[in-house]
Amino acid sequence: MPELPEVETVRRLLEPCLRGRLIEKVTVLRQVIAHPGAEEFIRRVTGRRFDIMKRRGKFLGFLLDDGQKMVLHLRMTGCLLIEPAGVPAEKHTHVVFSLDDGRELRFSDMRRFGRFWLFAPGEADSSGAEKLGPEPSDPALTGDYLRAKCGKSSRAVKECLLDQSVVAGIGNIYSDEILFAARLMPSCPASRLTRRSWQQLARLIGERISYFTEKNKISLEDYLRSKGGDYRNTPYLQVYGHAGQPCPVCGTQLRRTVIGGRSSVYCPHCQKLPRTKKTQ
DNA sequence: CCAACCCCCTGAACGC
DNA sequence: TGCGTTCAGGGGGTTG
């Protein structure tokens, strides 16, 4: 499941391949265009050239040479590949952009949750990317910001990390990793965190996401060879996917639970409620 | 404003 | 062996 580090990896790898390329033809095989309609999407993208790629949270933005902006969210299983036009496409390929170098940019998505949007210059972005909270690397993401935003909430702290309007780009994997690093129980009600906990959490969000973004580096060749499915951070994950195994710090068996409908793994010994009494 | 729930979609894992 | 059921999960939408 691509979260911020994986989406950033895709951006870094694809931008040099796409920048300046002419889009000769667009084929939409399945309904994955959220806005505008597929016909208009095809008409407005065909004949344009790719410019730079941006990323905001888990959203990818493709700027086009006429000022339009194409937005893509990969959701769970979405994947972008660049392959020669002659190579057979993946089974769940839904959109194909034929480029002027004989290659194709292909969007495949087994579960078909991923979505494209296209916005004209000056048009309001309705993809949801505008409602995102700060990036993990944004200096505005401080302990006081988090405390002001979530400090009175009865939600579990993990739900706050997964809320894209609180902080952008964190999904189920990295929220567990961040909370493990912060020694906080994922189920801890946000209202019980101390000011100090919020500060530590803000710092660790930036630190962990930056760490995993660096660790996720992969060559374009390896990326394409693995069909975009090589999640290189797997060896570096300390708790996610390790339920039942010993905690890497204390050896206690890691536990799995469900929080906000999401599978969550934590160490019952290392991860606790904040030490001091409830706030208020 | 917020919480709770549904929905989308497919393949893997599981149960009989 | 094979078929039916359950589950996972990002985020938008709806309902209460």
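Structure: above.
None of these values were measured; they are calculated from a predicted model. (Residues numbered from 1 in each chain as written. Chains lettered and ligands numbered in written order. Predicted model: local features only at pLDDT ≥ 70, side-chain atom pairs only at ≥ 80, totals over all residues. Heavy atoms only, no water.)

**Considering the sheet that holds strand 8 (residues 103-109)**
Taking strand neighbours across the sheet as the criterion, the four strands line up as 1-7-8-6 in an open arrangement whose pairing is antiparallel. Single-partner strands in this sheet number two, and they are strand 1 (23-28) and strand 6 (78-84). Strand-to-strand twist in this sheet, taken as the mean axis angle between neighbours without regard to direction, amounts to 15 degrees. In this structure, strand 1 lies alongside strand 7 (residues 93-99), joined through five bridges in antiparallel fashion. When the bridges of strand 7 are listed, isoleucine 23 appears paired with leucine 99. Docked against the sheet, helix 1 (residues 4-18) engages strand 6, strand 7 and strand 8, running at close to 30 degrees with respect to strand 6. This element, helix 2 (residues 38-45), spans strand 1 and strand 7 of the sheet and lies at about 170 degrees to strand 1. (Pairing = 2+ DSSP bridges. Helix = DSSP H or I, 4+ residues; strand = E, 2+ residues; numbered from the N terminus. Axes fitted to C-alpha atoms, helices over the stretch in contact; angles between N-to-C directions. Contact = heavy atoms within 4.5 Å.)

**As for the environment of leucine 29**
Examined against the element boundaries, leucine 29 turns out to sit in the loop between strand 1 and strand 2 (33-35). Counting along the chain gives 233 residues from leucine 29 to arginine 262, while the straight-line C-alpha distance between them is 31 Å.

**Observations concerning the packing of aromatic side chains**
All chains considered together, the criterion is met by ten aromatic pairs. Ring geometry for phenylalanine 50 and phenylalanine 97: centres 6.2 Å apart, planes at 65 degrees, overall edge-to-face. Of the two residues, phenylalanine 50 sits in strand 3 (residues 50-56) while phenylalanine 97 sits in strand 7, which places them 47 residues apart along the sequence. Pairing phenylalanine 97 with phenylalanine 116 gives two aromatic rings, centres 5.9 Å apart and planes at 55 degrees, and the pair type is tilted. With phenylalanine 97 in strand 7 and phenylalanine 116 in strand 9 (residues 115-119), this residue pair connects regions lying 19 residues apart in the sequence. Overall, the relative accessible area of 0% leaves phenylalanine 97 in the buried class. (Phe/Tyr/Trp six-rings, centres within 6.5 Å; stacked < 30°, edge-to-face > 60°. Buried < 20%, exposed > 50% of the residue type's maximum accessible area, 1.4 Å probe, protein only.)

**What to know about the protein's contact with DNA strand B**
Around DNA strand B sit Lys91, His92, Met110, Arg111, Arg112, Phe113, Ser153 and Arg155, and those are all the residues in its vicinity. In the interface set of DNA strand B, defined as its atoms within 4 Å of the protein, sugar plus phosphate atoms amount to 62%. A distance of 3.2 Å separates a phosphate oxygen of DNA strand B from a polar atom in the side chain of histidine 92. One of the side-chain nitrogen or oxygen atoms of arginine 112 is found 2.6 Å away from a phosphate oxygen of DNA strand B. (Near = heavy atom within 4 Å. Polar contact = N/O pair within 3.5 Å; in protein donor to acceptor, adjacent residues only side chain to side chain.)

**Side note on the nonpolar core**
Ranked by internal contacts, the top residues of the largest apolar core, which has 35 residues, are Leu80, Phe97 and Phe116. With six residues, helix 1 is the single largest residue contributor to this core. Two domains each put at least three residues into this core: domain 1 (4-126) and domain 2 (143-266). When sequence neighbours within four positions are dropped, the list of residues in contact with phenylalanine 116 reads Val32, Ile33, Ala34, His35, Phe41, Met70, Val71, Leu72, Val95, Phe97 and Phe107. Formed by 29 residues, the second largest nonpolar core is a distinct cluster that contains Cys160, Ile173, Ala190 and Ala202. (Core = buried A, V, L, I, M, F, W, Y, C linked by side-chain atoms within 4.5 Å. Domains from an automatic or database assignment.)

**A look at a nonpolar patch on the surface**
On the surface, a cluster of nonpolar side chains totalling about 270 Å² of accessible area is made up of Met1, Met76 and Phe113. Note on placement: methionine 1 falls in the segment before helix 1. Given a relative accessible area of 42%, methionine 1 falls into the partly exposed group. (Patch = residues over 30% accessible without salt bridge, like charges linked within 9 Å, V, L, I, M, F, W, Y side chains within 5 Å. Areas by Shrake-Rupley, 256 points an atom, 1.4 Å probe, with all protein chains shown as cover. Salt bridge = Lys/Arg side-chain N within 4 Å of Asp/Glu carboxyl O.)

**Remarks on the protein's contact with DNA strand C**
Lining the immediate surroundings of DNA strand C are 15 residues, of which His73, Met76, Arg111, Arg256 and Arg262 lie closest. Here glutamine 164 contributes a side-chain N or O atom positioned 3.4 Å from a phosphate oxygen of DNA strand C. Its residues assigned to classes, the surface near DNA strand C comprises four nonpolar, six polar and five charged. (Nonpolar A, V, L, I, M, F, W, Y, C, P; charged D, E, K, R; others polar.)

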